[in-house]
Amino acid sequence: MDWSPEARAARVEAIIFDVDGVLTGGELVYGGGEELKIFNVLDGHGFVLARQAGLKLALLSGRGGEALRKRAADLKIDHLREGVVNKGAAFLELCGILRVKPEEVCYVGDDLIDLPALREAGFPVAVANAVPEVRERVAWVTTRSGGAGAAREVIEYILKARGRWETIVKRYAEGEG
């Protein structure tokens, strides 16, 4: 079996993203007793493209909160798990719910808590600003940091590996996006 990043990405049927440090820059902002998060618009449109291409999407977060639930709803995420301590077990549970094999799943993480899920994933990915222990244990590392378009970069990489990217670009170029 070909274990190159491109071959692994071509087999992906679902993507599970960590949230803090992957979809956000990892900063926490508190205001008026509420936790605020900053998300990237490029990442958001990437989720639209992934869904259009038939990929299943899930979020797996060690934290939680209203900002996360709002973003998950806006992105029409298939499944959200928040407050997760054992990400390896939660990853496998999500595989069952999404009806995919672990080797068909891309998991994107940035910190030590993500290592169990990354170990299970067929296409484990770290964002550019992940801790070194994570970056050295994955198949591919993004050039963009978490919260700065890394999720979009992962989605584009997978869509290109699956041969879907040119069709998407052509559709948008012709005004049919």
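Residues numbered from 1 in each chain as written. Predicted model: local features only at pLDDT ≥ 70, side-chain atom pairs only at ≥ 80, totals over all residues. Heavy atoms only, no water.

Draft legend 1. How the structure looks around the sheet that holds strand β5 (residues 79–81). Taken in spatial order, the six strands line up as β5-β4-β1-β6-β7-β8 in an open sheet, and their pairing is parallel. Among the strands making up the open sheet, the edge pair consists of β5 and β8 (140–141). In this sheet, strand β4 (residues 56–60) lies alongside strand β1 (residues 14–17) in parallel orientation, the contact comprising four bridges. Note that in β4 the partner of F17 across the bridge is L59. Across the sheet, helix α4 (residues 87–98) touches β1, β4, β5 and β6 (105–109), and the angle it forms with β4 is around 155°. (Pairing = 2+ DSSP bridges. Helix = DSSP H or I, 4+ residues; strand = E, 2+ residues; numbered from the N terminus. Contact = heavy atoms within 4.5 Å. Axes fitted to C-alpha atoms, helices over the stretch in contact; angles between N-to-C directions.)

Draft legend 2. Region of the structure containing unusual backbone geometry. You will see that K76, though not glycine, has its phi angle at about 55°, which is positive. Its place among the elements puts K76 in the loop between α3 (66–74) and β5. For K76, a relative accessible area of 55% gives the class exposed. With phi around 60°, R99 is a residue other than glycine that occupies positive phi space. Turning to its location among the elements, R99 is positioned in the loop between α4 and β6. (Buried < 20%, exposed > 50% of the residue type's maximum accessible area, 1.4 Å probe, protein only.)

Draft legend 3. Layout of the pairing of β4. For β4, the tally of buried residues reaches four of five residues, placing the bulk of the element in the interior. Note that β4 and β5 share three bridges and pair parallel. When the bridges of β5 are listed, L59 appears paired with L80.

Draft legend 4. Just the state of the cysteines, in detail. According to the stated counting rule, one finds zero disulfides in the structure shown. Among the cysteines around C95, which has no disulfide bond, C106 carries the closest sulfur, lying 11 Å off. For C106, a relative accessible area of 0% translates into the label buried. (Disulfide = S-S within 2.5 Å.)

Draft legend 5. Main features of the nonpolar core. One finds I15, F17 and F47 to be the most contacted residues of the largest nonpolar core, which totals 53 residues. Excluding anything up to four places from it in sequence, F47 contacts F17, L23, L57, L59, L75, I77, A151 and I155. (Core = buried A, V, L, I, M, F, W, Y, C linked by side-chain atoms within 4.5 Å.)

Draft legend 6. Focus on the packing of aromatic side chains. Counted by the stated rule, this structure contains five aromatic pairs. Members of the aromatic cluster, each reached through a chain of ring pairs, are F123, W140 and Y157. One Lys or Arg, R11, reaches over the ring of W3 and ends 5.8 Å from the middle of that ring. (Phe/Tyr/Trp six-rings, centres within 6.5 Å; stacked < 30°, edge-to-face > 60°. Lys NZ or Arg CZ within 6 Å of the ring centre and 35° of its normal.)

Draft legend 7. Examining the side chain of T142 more closely. Among the structural elements, T142 can be located in the loop between β8 and α7 (150–161). Side-chain polar atoms of T142 contact the backbone oxygen of R144, separated by 2.6 Å. When near neighbours in sequence (up to four residues on either side) are disregarded, T142 contacts V125, A126, V127, A128, A150, E153 and V154. (Polar contact = N/O pair within 3.5 Å; in protein donor to acceptor, adjacent residues only side chain to side chain.)

Interpretation note: all reported values are geometric properties and have no functional meaning in isolation.
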